[in-house]
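# Notes for the structure review
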Amino acid sequence: MSTTKEGFSWRKGILTVIMLGVSVLFLLPFIWMLVTSFKVEKDVFVYPIQWIPRQWNAIQNYKDVWVGDYPFWKYYLNSVKVGLTTTVISSIVSALAAYGFSKIQFKGSNYLFLIVLATYMVPSQAILIPQFILYRQIGLFDSLWGLILLGSFSVLGTFMLRQFFMGVHHEFIESAKMDGANHFRIFWSIGLPLVKPAVATYAILRFIWTWNDYQGPLIFLRSDHLFTIPLAMQKFTSLSGEFYSLIMAAAVSAILPLLIVFIIGQKSVIEGIALGGVKG
């Protein structure tokens with residue numbers, strides 16, 4: 001028995017070392033980007049690579065990015081507004097639709113869900129022109145609310161959350177109905193708390209997708225002051241193409257909110273995956 005335990009410990013230790021090495025390998029580009037954002041420009045491409053800068057210029061680099069000629073703080077506010085608002089609306093709408101398709105039975109409900117699901121197979125590029133024309137006609141072109149509307153309705157979110165709502169026992173719903181609760185009260189007080197990890201997981205994914213979205217802002221925004229981070233990064237790169245330390249500082253600034261969101265929400269993501277595994 002001790003030999004087996006000892007052998008298992010050795011295998012576990014070797015596997016841990018291998019995974020640690022692979023993790024470091026994957027982190028190297030990010031570490032280089034972070035270190036480069038701290039350097040003066042002349043030390044960026046010094047060989048061998050200086051993992052610890054000989055001359056630090058972090059404060060000036062990030063100052064030039066955030067409050068320089070092309071201030072990032074304006075575009076951060078745009079991305080935060082679009083990302084948070086889209087995430088909240090999309091999570092609520094997807095959860096409501098998922099509850100309706102899973103717990104409210106009516107004639108043709110399954111066929112209606114299949115029709116909704118079939119729309120996911122239509123590439124977003126195929127409907128860009130109709131969306132563009134519609135946005136021009138209703139006055140949402142070149143506005144942040146237009147971007148928010150684009151991401152507020154998600155077939156994938158509805159499908160994902162429906163699978164979790166189907167795992168909620170029907171007896172809970174019937175008991176609440178007998179106590180006089182309507183469907184909205186049942187959804188808010190019973191259904192939503194039971195699938196909260198799944199909703200949190202989708203909310204994190206929705207925020208990441210919205211924050212990184214390049215196509216939507218590129219097509220539906222024209223005013224420079226409305227640009228989000230992806231468009232701001234593209235323009236900043238074209239204006240500062242010779243200064244890689246500034247570009248890396250801008251890149252670090254752009255991905256920092258995603259890291260913060262994932263670190264804060266990783267527990268919910270793990271719970272959502274575990275809930276899906278138990279349900280399956």
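The following refers to the structure shown. These figures come from a predicted structure and were not determined experimentally.

### Focus on the overall build of the protein chain
Summing up its helical and strand segments, the protein chain has 13 helices and zero strands in all. For the protein chain, the sequential pattern of α-helices and β-strands runs α-α-α-α-α-α-α-α-α-α-α-α-α. Taking 2.2 N^0.38 as the reference for a compact globule, 280 residues should give roughly 19 Å; the C-alpha atoms of the protein chain span a radius of gyration of 24 Å, well beyond that estimate. In terms of overall dimensions, the protein chain has C-alpha extents of about 75 × 70 × 30 Å along its principal axes. By the burial criterion, 36% of the 280 residues in the protein chain qualify as buried. The long-range fraction of contacts in the protein chain, counting pairs at least 24 apart against all pairs at least 6 apart in sequence, stands at 73%.

### Points about the packing of helix 3 (residues 72-103) against helix 10 (residues 196-212)
Packing of helix 3 against helix 10 leaves a shortest axis separation of 9 Å and a crossing angle of 145 degrees. Crossing handedness for the pair helix 3 and helix 10: right-handed. For the pair formed by helix 3 and helix 10, the contact residues are Y76, S79, V80, V82, G83, L84, T86, T87, S90, S91 and S94 on the first element and V199, Y202, A203, R206, F207, T210 and W211 on the second. For the contact of helix 3 with helix 10, the per-class residue count stands at nine nonpolar, eight polar and one charged.

### Examining the nonpolar core
Formed by 24 residues in total, the largest nonpolar core has its most connected members in F72, I229, M233 and F236. Of all the elements, helix 13 (residues 244-279) adds the most residues to this core, at nine residues. Each residue touching I229, except ones within four places of it in the same chain, is listed here: F72, Y75, Y76, S79, W211 and A254. Counting 16 residues, the second-largest nonpolar core is a separate cluster that includes A176, F187, V195 and Y202.

### A closer look at the packing of aromatic side chains
Aromatic rings considered in pairs are described by the distance between their centres and by the relative angle of their planes. Under the criterion given, the structure shown has 16 aromatic pairs. Between F113 and F159 the ring centres are 6.5 Å apart and the planes differ by 20 degrees, which places this aromatic pair in the stacked class. In this pair, F113 is assigned in helix 4 (residues 109-118) and F159 in helix 7 (residues 155-165), connecting sequence segments 46 residues apart. We note R136 situated over the ring of F141; from NZ or CZ to the ring centre the distance is 5.1 Å.

### Remarks on the layout of surface pockets
Volume-wise, the largest pocket comes out at about 1100 Å³. What lines the largest pocket is a set of 36 residues, and nearest its centre among them are S124, L150, G151, F153 and R206. Residues belonging to the lining of the largest pocket are distributed by class as follows: 22 nonpolar, 12 polar and two charged.

### Quick notes on the packing of helix 7 against helix 10
One can describe the packing of helix 7 onto helix 10 by two numbers: an axis separation of 10 Å at closest approach and a directional angle of 165 degrees. Taken together, the axis directions place helix 7 and helix 10 in an arrangement best described as roughly antiparallel. Relative to helix 10, the crossing made by helix 7 is right-handed. From helix 7, L156, G157, M160, L161 and F164 reach across to helix 10, where they touch A198, V199, T201, Y202 and W209.

What counts, and at which threshold
Residues numbered from 1 in each chain as written. Predicted model: local features only at pLDDT ≥ 70, side-chain atom pairs only at ≥ 80, totals over all residues. Heavy atoms only, no water. Helix = DSSP H or I, 4+ residues; strand = E, 2+ residues; numbered from the N terminus. Rg over C-alpha atoms; globule rule 2.2 N^0.38 Å. Buried < 20%, exposed > 50% of the residue type's maximum accessible area, 1.4 Å probe, protein only. Contact = heavy atoms within 4.5 Å. Axes fitted to C-alpha atoms, helices over the stretch in contact; angles between N-to-C directions. Left-handed = near helix turned anticlockwise from the far one by under 90°. Nonpolar A, V, L, I, M, F, W, Y, C, P; charged D, E, K, R; others polar. Core = buried A, V, L, I, M, F, W, Y, C linked by side-chain atoms within 4.5 Å. Phe/Tyr/Trp six-rings, centres within 6.5 Å; stacked < 30°, edge-to-face > 60°. Lys NZ or Arg CZ within 6 Å of the ring centre and 35° of its normal. 1 Å grid on protein atoms, 1.4 Å probe; cavity = no way out; pocket = protein on both sides within 12 Å on 5 of 7 lines; lining within 4 Å. Points joined across faces, edges and corners; volume = space filled by probe spheres on them. Parallel < 35°, antiparallel > 145°, perpendicular 65-115°, else oblique.

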